[in-house]
Amino acid sequence: MKKSFVVLSLCTLALNAFAAEQITALSPSSRTEIELFNKAGAAQSVKTLSASDMPFPVSVQAQEAGFLKVAVEGKTYWLKSTQVRIQRDVVASCAASAERAERVGATPGLAGNSCK
Amino acid sequence: MLNHPKLLHKIIASISVVLLLAGCQSMGMGVDPSKISAVSTLPAPADREWPDQKQDVLNQRARVELGLIRSPELEGYLNVLYSKIKKQAGFPNWQGKVYIVANSNLTAYATAAGNIYISPSWISTAQSEDEIVAILSHEFGHVYLHYHELEKTKVTADQAADWITLGAAIAQNTNALNGWPVADLFATGYGASRDIAVGHYGSSQELAADKFALNLTTKMGYSYDSGVKAYLEHQATWEDVNEARQKAYEDKLAESFTGLGTLASLKISQGWKFVTSDHPKTIDRMDAVAIAADDVPPKLLGKKPVVKPFNSVRNSGAVSSMLKSFGFAMKGLENPNAIDAYDNAKKSAGGANAKYAYSAIAVFKTQLASILNGNAANANGLGRGLDLNINSEPDRAWKVYVTKADFFARMGQVPAAKTVMDQGFSYFNSAGEAWPEAILFYGQYESWDKAKKMAATCAKEFPGLAKACKTAAITPAEKAEMDRRAQENANRLVNKLMKKDK
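Residues numbered from 1 in each chain as written. Chains lettered and ligands numbered in written order. Predicted model: local features only at pLDDT ≥ 70, side-chain atom pairs only at ≥ 80, totals over all residues.

(A) Spatial organisation of the domain arrangement of chain B. Residue and element names in this part refer to chain B. Split into domains, chain B comes out as domain 1 (5–156 + 200–310) and domain 2 (324–478). Contacts between the two partners involve 16 residues from domain 1, matched on the other side by 18 residues from domain 2. Per-element tally for the side of domain 1 that touches domain 2: the top contributor is helix 2 (residues 53–63), with six residues. Looking at the side of domain 1 that touches domain 2 residue by residue, the class counts come to seven nonpolar, four polar and five charged. (Domains from an automatic or database assignment. Contact = placed C-beta atoms within 7 Å. Helix = DSSP H or I, 4+ residues; strand = E, 2+ residues; numbered from the N terminus. Nonpolar A, V, L, I, M, F, W, Y, C, P; charged D, E, K, R; others polar.)

(B) Representation of the packing of helix 18 (residues 384–391) of chain B against helix 19 (residues 398–410) of chain B within the structure. Residue and element names in this part refer to chain B. For the pair helix 18 and helix 19, the least separation of the axes is 10 Å and the interaxial angle reads 140°. In this view, helix 18 runs oblique relative to helix 19, as classed from their interaxial angle. Here the hand of the crossing between helix 18 and helix 19 comes out left-handed. Between helix 18 and helix 19, the contacting residues are Leu386, Asn389 and Ile390 on the first element and Val400, Tyr401, Thr403 and Lys404 on the second. Taken together, the residues of the contact of helix 18 with helix 19 break down into four nonpolar, two polar and one charged. (Axes fitted to C-alpha atoms, helices over the stretch in contact; angles between N-to-C directions. Parallel < 35°, antiparallel > 145°, perpendicular 65-115°, else oblique. Left-handed = near helix turned anticlockwise from the far one by under 90°.)

(C) Local environment of the sheet that holds strand 8 (residues 84–87) of chain A. All names here are of chain A. Taken together, the three strands give an open sheet; going across it, the order is 4-1-8, and neighbouring strands pair in antiparallel fashion. Of all the strands in the sheet, the pair left with one neighbour each is strand 4 (58–59) and strand 8. Relative to strand 4, strand 1 (residues 22–26) runs antiparallel, the two sharing two bridges. Bridge pairing in strand 4 places Ile23 opposite Val58. (Pairing = 2+ DSSP bridges.)

Take a look at the structure:
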């Protein structure tokens, strides 16, 4: 799977939250199918796709009421945000991550110190 | 010389096994994540005696390279949220506040004192109040559920420090690092030590804190997919970015051992992966939380996130200015020798931001680099920002004193250097993290006898720092002898392994 990472400069806030966000997988990973809806908030799905038929990564075109608008097989659908994993923009860098946390009692951190 | 690929891999893997096993021995005391669901009643927290929270803040100001960022507006907003979280958990009077830690990484952590430290990167990255509340709830979950583990991590400190030393030693002994940012070099060792720390801490604690956050935020009426799910997805993206960078680094590192690529079979990265393979992955946590979220009332799954108050604070004059200032300082620090580094760092020093340690150190380092690179005209006002930080009591960072004292000493102005160090250590001596650097300074510029005595005091007062303090008090002669013996031992080990290898 091709991954295109978008890490914004710390000088630039992520003003357009969904401009570069992509769906990269179904969630949880054990999910094998995804329901597609013809509008956000719809109770009844119009189609079900298997994970292998999803052309990941899929760009997120819009978000509404817990649903994400996507283009699949040449058509526009909505799917439930909770059923997919999204690659989200991150505003961070490793310029100054060199703490000395290893000496002090603290949690490793929510995101730890991922700089490697 | 370590130029045999199988041999090197074997050595690294051997070291890794030792570290990994050591890590596993202290795991297993966490809360069972299965006992926390999205809607369950939370287990009762353990009784506790709270560490002094002001001392905890001072410890962070000594520990973190660039100190804390005391932003009243941002702290105020985050602490209102933190109060709501504590109230929801049933302990509104528990101590602890939220502070901004000057770290460019996407990081947040909690201490046993109940304090939560969050980086500006999370403030810039988060998309809603739901996500910030979820992050704070996750960290509060560690305070609530894992108080004893928070204390215990101190004991494991020296081992992680050993690992970082190993990472740095490997890197320093290669010749393929030209052009590789210093931050990346250090962070590689740090990242490894963090993984060890996570190993000690245990994946169960992280997962329990995720579920704790899901439980609390759901009850508070915040959205799951804009809250817990969003912070895990941000974290996963950031880890992917760093894994890609780590791979590039490892490839470069491996080249140095393979002799211009002729021994291309060497996979030094396997050594690193071996170490980290059993450690918690964000994807696993995301999967577990996604399954747990099945219990969340459907109306909260797609609930509209709370964006306006969060953006209102983030975009307010002082907070927005600080975030931009921090960004410029980090751009400067990425490579202080870059032609635009000093200009970027100077942009961080506008208005009230000049007193922050991150700005003071960024300006000082880039200005010094500019002067050393031949721009003598940039010499005016060198160190002014360091003084601004020192003169602003709540903003003082230990590293600022160390930077200033070190500069004076290198310039041959030892009495001035000692005055700065005396002032700084007088202020920070109750924070153990200040001791190793102070010991080294006094050893170098006053007497090694004094350094040895300080190291003994340090070991008594701060047992978790005993090794670091003892190391700082090693005289040059002792170090030379230790290096000689270490080299002898290394040669013996290499010879022994190479015999086996044949």
